[in-house]
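# Summary of the model geometry
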Amino acid sequence: MQSQSPRINYLQSMKVGARKMSKEKKQMVELSDEEYKSHEMRKEFFEDRENDMKKNEALLQSMTTGQREAIEDTIQALDDALRMITECNDLYLTQISKLHESFYALQNNFRVKQ
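Predicted model only: the values in this text are computed from it and were never measured.

What follows deals with the overall build of the protein chain. Each helix and strand in the protein chain was counted, giving five helices and zero strands. Listed N to C, the secondary structure of the protein chain is α-α-α-α-α in terms of helices and strands. Here the protein chain holds 114 residues, and 16% of them are scored as buried. Counting only contacts in the protein chain whose residues sit at least 6 apart along the sequence, the fraction spanning at least 24 positions is 37%. Surface summary for the protein chain: the accessible area is close to 9,800 Å², and the carbon and sulfur share equals 54%.

Shown next, in the form of structure tokens:
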């Protein structure tokens, strides 16, 4: 016996409570198989992304000011250096110095063993 697609299972389960369906569920009933799968994947992606953002925010709030600044400075230094490398295939000494400072700020604020 061939297994049914998730959309068909979903449709069958929705027949019971068709009157109480939300607007989103009614919309999903009308979707093709590909649209349904795509919708579910996007929904899961954004739910996962939102959960990750909440975790990141909680983590950032638990850090000291020095730790947060070290991360922000490192991100900025890496962004500047990568843009320069991409656009000019070169780095200025000031950018190398900022990368160096960022590295030590991270190392000092997070006490990472090497």
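Alright, that's what it looks like, and here's the rest.
As a further point, take the pattern of salt bridges. As a working rule, side chains carrying opposite charge can pair if their charged atoms are close by. Applying the stated criterion across every chain yields a total of two salt bridges. For Lys54, the salt bridge identified is with Glu50, shortest N-O distance 3.5 Å. With Lys54 and Glu50 both in helix H3 (residues 33-62) and four residues apart, the pair spans about one turn of that helix. When its relative accessible area of 52% is taken as the criterion, Lys54 is described as exposed.

Here Ile96 shows up in helix H5 (residues 93-110). Between the C-alpha atom of Ile96 and that of Ala81, which follows or precedes it by 15 residues, the distance is 7.7 Å.

All right, on to a negative patch on the surface then. A cluster of like negative charges, contributed by Glu44, Glu47, Asp48 and Asp52, occupies part of the molecular surface. Counting through the fold element by element, Glu47 comes out in helix H3.

Turning our attention to helix H4 (residues 65-88). In this model H4 runs 34 Å from its N-terminal to its C-terminal C-alpha over 24 residues, within 8% of the 34 Å that 1.5 Å per residue would give. All of the buried residues along H4 are Gln67, Ala70, Thr74, Ala77, Ala81 and Met84. Looking at the buried positions of H4, the neighbouring elements they touch are H5. Two residues or fewer after H4 comes Asn89, characterised by a positive phi angle close to 55°.

Reading the values: the criteria
Residues numbered from 1 in each chain as written. Predicted model: local features only at pLDDT ≥ 70, side-chain atom pairs only at ≥ 80, totals over all residues. Heavy atoms only, no water. Helix = DSSP H or I, 4+ residues; strand = E, 2+ residues; numbered from the N terminus. Buried < 20%, exposed > 50% of the residue type's maximum accessible area, 1.4 Å probe, protein only. Contact = heavy atoms within 4.5 Å. Areas by Shrake-Rupley, 256 points an atom, 1.4 Å probe, with all protein chains shown as cover. Salt bridge = Lys/Arg side-chain N within 4 Å of Asp/Glu carboxyl O. Patch = residues over 30% accessible without salt bridge, like charges linked within 9 Å, V, L, I, M, F, W, Y side chains within 5 Å. Lys, Arg positive; Asp, Glu negative; His and termini not counted. Charge placed at Lys NZ, Arg CZ, Asp CG, Glu CD. Expected span 1.5 Å × (residues − 1).

These results come straight from atomic positions and should not be treated as a statement about function.
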